[in-house]
Amino acid sequence: MNTDIRHSAVVEEISAERTRVRIVQSSACSTCKVASRCHASESKEKTVDVYGDYTGRCAVGDNVFVVASQRVGMFAVVLGSVLPLFLVMAVLLFVFAVTGSEPAAALSALLSLIPYYILLYLFKEKIRSRLTFRIER
């Protein structure tokens, strides 16, 4: 069973330490014949930095695949969605149980995200080392 997540991309910039690629994500209906007349179709462009030296292996404008393991994808989902959700819910329930005030509980729950994202920012290099991508042709 293949446990890799693959996206087609176009190389935009190459340097010795990183390569910047552009990924075009499109919904399934964007390839439909009437997609230009339908408002349901959508596509998004994302720019991803792939760290490592790919100077000899690809050139600007090349079509490549950006690959990450499924484990990396799950780690990103946990950091970006699951942990903040649990933090907000825990603070909301705790503050409401202690104070009995819904507005105080809601405000505290939202404000609890500030230190969480500050911690993510402070540990971004450590997180970046775990969230690795690679380029395949």
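Residues numbered from 1 in each chain as written. Predicted model: local features only at pLDDT ≥ 70, side-chain atom pairs only at ≥ 80, totals over all residues. Heavy atoms only, no water.

Help me out: how do you make sense of the packing of aromatic side chains in this one?
Here the distance between the centres and the angle between the planes together describe a pair of aromatic rings. Taken as a whole and judged by the stated rule, the model has one aromatic pair. Aromatic pair Tyr116 and Tyr117: ring centres 5.1 Å apart, planes at 75°, arrangement edge-to-face. Arg6 extends its terminal NZ or CZ atom over the ring of Phe65, reaching a point 4.4 Å from the ring centre. Lying across the ring of Phe75, Arg130 places its NZ or CZ 4.1 Å from the centre. (Phe/Tyr/Trp six-rings, centres within 6.5 Å; stacked < 30°, edge-to-face > 60°. Lys NZ or Arg CZ within 6 Å of the ring centre and 35° of its normal.)

I would appreciate a short explanation of the layout of surface pockets in the present structure.
One way to see where empty space is left: roll a probe the size of a water molecule over the atoms. Here the largest pocket defines a volume of roughly 230 Å³. What lines the largest pocket is a set of 13 residues, among which His7, Ile23, Val48, Ala68 and Phe133 lie closest to the centre. For the lining of the largest pocket, the secondary-structure elements that each account for two or more residues are strand 1 (4–14), strand 2 (18–26), strand 3 (43–51), strand 4 (63–69) and helix 1 (70–99). With three residues, helix 1 is the largest single contributor of residues to the lining of the largest pocket. For the lining of the largest pocket, the residue count by class is nine nonpolar, three polar and one charged. (1 Å grid on protein atoms, 1.4 Å probe; cavity = no way out; pocket = protein on both sides within 12 Å on 5 of 7 lines; lining within 4 Å. Points joined across faces, edges and corners; volume = space filled by probe spheres on them. Helix = DSSP H or I, 4+ residues; strand = E, 2+ residues; numbered from the N terminus. Nonpolar A, V, L, I, M, F, W, Y, C, P; charged D, E, K, R; others polar.)

Everything listed here is a matter of geometry and, on its own, says nothing about what the molecule does.
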